[in-house]
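Descriptive structure summary
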Amino acid sequence: MAVDKLPTGRMIRAARALVGMEQLDLARAIGVDRRTVSRLEADTEIPINPLKIATYRKMRDALEKHGVIFLYRSKAHGEGVALKD
């Protein structure tokens, strides 16, 4: 990935649902408390805090390992998630 894009909280929540993963499962996979995942999924602000950014990256990477593709907003489509074939 040329640009290190971060998924939104809504994208993380949708990705978890797509692969059948609970917040606790994702939290354990990246070494944070479940409440952290819950808070970041509900967050609507673009993260500027380095710790938040690092946690979003960890969530993105963990979900990508489960086959999730993050579709970032573009002129052609809105944001979303899909599974690799």
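All values derive from a computational prediction rather than experimental measurement. Starting from 1, residues in each chain are numbered consecutively following that chain's sequence as written. This being a predicted model, a pLDDT of at least 70 is required before a residue's local features are given, and a value of 80 or more before pairs of side-chain atoms are given or counted; all residues contribute to the totals for chains, interfaces and linings. In computing side-chain properties, one takes all heavy atoms of the structure into account and sets aside hydrogens as well as water.

1. Some remarks on the nonpolar core
Side chains that are nonpolar tend, in soluble globular proteins, to be buried together. The set of buried Ala, Val, Leu, Ile, Met, Phe, Trp, Tyr and Cys residues whose side-chain atoms join them within 4.5 Å is what this entry labels a nonpolar core. Each residue is placed in one exposure class: buried if its accessible area under a 1.4 Å probe, protein chains only, is under 20% of its type's maximum, exposed if it is over 50%, and partly exposed if it falls in between. Ile12, Leu26, Met59, Leu63 and Phe70 are the most contacted members of the largest nonpolar core, which totals 16 residues. Secondary structure elements are taken from DSSP: a helix is a run of H or I of four residues or more, a strand is a run of E of two residues or more, and numbering for both begins at the N terminus. Only helix H1 (9-19), helix H2 (23-30), helix H3 (34-42), helix H4 (50-65) and strand E1 (68-71) provide two or more residues apiece to this core. Among the elements that take part in this core, H4 stands out by supplying four residues, more than any other. By definition in these notes, contact holds between two residues if any of their heavy atoms fall within 4.5 Å. What Met59 contacts, discounting residues up to four positions off in sequence, is Ile12, Leu26, Ile30, Val37 and Leu40.

2. Thoughts on H1
Within H1, burial applies to Gly9, Met11, Ile12, Ala15 and Arg16. Down the axis, H1 shows its buried residues gathered within 160° of arc, on one side only. The exposed residues of H1 that point more than 90 degrees off its buried face are Arg10 and Ala17. At its buried positions, H1 is contacted by H2, H3, H4, E1 and strand E2 (80-83). The directions considered for the arc run from the helix axis to the C-beta atoms.

3. A closer look at the pairing of E1
Side chains of E1 alternate between two faces, with Val68 and Phe70 buried and Ile69 and Leu71 left unburied. Note: two strands are recorded as paired if DSSP finds a minimum of 2 bridges between them. Inspection of the sheet shows E1 paired to E2 by four bridges, in the antiparallel sense. If you follow Phe70 over to E2, its bridge partner there is Val81.

4. As for the side chain of Glu41
By the element assignment, Glu41 lies in helix H3. The exposure class of Glu41 is buried, given its relative accessible area of 3%. Those residues within four positions of Glu41 in sequence are excluded, and the remaining contacts are Gly9, Arg10, Ile12, Arg13, Arg16 and Gln23.

5. Details of the packing of H3 against H4
To characterise two packed helices, one gives the angle between the axes of the helices and the distance between these axes. In this description, a line fitted to the C-alpha atoms serves as the axis of each element, helices being fitted only across the stretch in contact, and the angle between N-to-C directions of two axes falls anywhere from 0 to 180 degrees. Where H3 meets H4, the axes come as close as 11 Å, and the angle between the chain directions of the two elements is 95°. When the axes of H3 and H4 are compared, the pair comes out roughly perpendicular. Of H4, the residues touching H3 (which contributes Thr36, Val37 and Leu40) are Lys52, Thr55, Tyr56 and Met59. In the contact of H3 with H4, the residues fall into four nonpolar, two polar and one charged. Each angle receives one of four descriptions, namely roughly parallel if under 35 degrees, roughly antiparallel if over 145, roughly perpendicular if within 65 to 115, and oblique otherwise. Polar here means any residue outside two lists: the nonpolar Ala, Val, Leu, Ile, Met, Phe, Trp, Tyr, Cys and Pro, and the charged Asp, Glu, Lys and Arg; Gly therefore counts as polar.

Geometric descriptors of this kind do not, in isolation, establish any biological role.
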